[in-house]
Amino acid sequence: MKKQPSMNIPKSMIGQFLDWLTILVFAAVVIYLITQFSALPDRVPGHYDGKGNIDRWGSKMELWILPLVGVLLWIPMTVLERYPHLFNYLNLREDNIEAQYRNGQLMLNVLKNESVLLFSYLTFQGIRVATGGTEALGIFFMPIFLVVIIGSMIIFLIRMLKL
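Quantities reported herein were computed from a predicted structural model and do not represent experimental measurements. (Residues numbered from 1 in each chain as written. Predicted model: local features only at pLDDT ≥ 70, side-chain atom pairs only at ≥ 80, totals over all residues. Heavy atoms only, no water.)

Moving on, we come to the packing of helix α1 (residues 13–36) against helix α3 (residues 97–130). Between α1 and α3, the shortest axis-to-axis distance is 9 Å and the interhelical angle comes to 20°. Judged by the angle between their axes, α1 and α3 are roughly parallel. α3 is crossed by α1, and the crossing has left-handed handedness. Taking contact as the criterion, the partners of Ile14, Gly15, Leu18, Asp19, Thr22, Val25, Phe26, Val29, Tyr32, Leu33 and Gln36 in α1 are, on α3, Leu106, Asn109, Val110, Lys112, Asn113, Val116, Leu117, Ser120, Thr123, Phe124 and Ile127. (Axes fitted to C-alpha atoms, helices over the stretch in contact; angles between N-to-C directions. Helix = DSSP H or I, 4+ residues; strand = E, 2+ residues; numbered from the N terminus. Parallel < 35°, antiparallel > 145°, perpendicular 65-115°, else oblique. Left-handed = near helix turned anticlockwise from the far one by under 90°. Contact = heavy atoms within 4.5 Å.)

Right under this line is the structure:
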């Protein structure tokens, strides 16, 4: 297997914007969780089914799991963004290496931010459900989430093939 050349590709402006937007949303949700924690009931939503209905209740301490998972995804994905030569590419040639690396780097950035925003949203909604602000995620949550994640991957794969 031929080793792909290593390049120092700076993060794009859109990647930087998405990172800061996600950090702000994530921080706001964590602050919201901290400020609401003492007022939360002992039982909060622990899991949702495919239709967005609660199918398990758990301890309010479980609300910390999603932000923790978000951080545990954020850190390694942010580090991996710096090494696009480690990714697998479908159409990598000598004349498009830099463009492919930029595309791969941005794809990872978008998927990372979408994932952390998802966990932020689920934490926020968990707090809202627990405090009576809403009853569930709703039937449109899962289809919208899947369209966003899969749609992003398809867009970047098409770009990869066109480069």
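Now that the structure has been shown, we can carry on.
Moving on, we get to the nonpolar core. Within the largest apolar cluster, eight residues are counted, these being Ile9, Met77, Phe87, Tyr89, Ile97, Tyr101, Leu108 and Met160. Of the residues forming this core, the biggest block, three residues, is contributed by α3. Ignoring sequence-local partners within four residues, the contact set of Tyr89 consists of Gln4, Pro84, Gln100, Tyr101, Gly104 and Met160. (Core = buried A, V, L, I, M, F, W, Y, C linked by side-chain atoms within 4.5 Å. Buried < 20%, exposed > 50% of the residue type's maximum accessible area, 1.4 Å probe, protein only.)

Counting through the fold element by element, Asn96 comes out in the loop between α2 (65–81) and α3. Residue class for Asn96 comes out buried when judged on its relative accessible area of 4%. Residues in contact with Asn96, not counting those within four places in the same chain, are Asn91 and Leu163.

Our focus in this paragraph is the packing of α1 against α2. Geometry of a packed helix pair, given as the angle between the helix axes and the separation of the axes. The contact between α1 and α2 brings their axes to 11 Å, and the two run at 155°. If you check the angle between α1 and α2, you find them roughly antiparallel. Read as a crossing pair, α1 and α2 show a hand that is left-handed. For the pair α1 and α2, contact is made by Asp19, Thr22, Ile23, Phe26, Val30 and Leu33 and by Pro67, Val71 and Trp74, respectively. Split by residue class, the contact of α1 with α2 holds seven nonpolar, one polar and one charged. (Nonpolar A, V, L, I, M, F, W, Y, C, P; charged D, E, K, R; others polar.)

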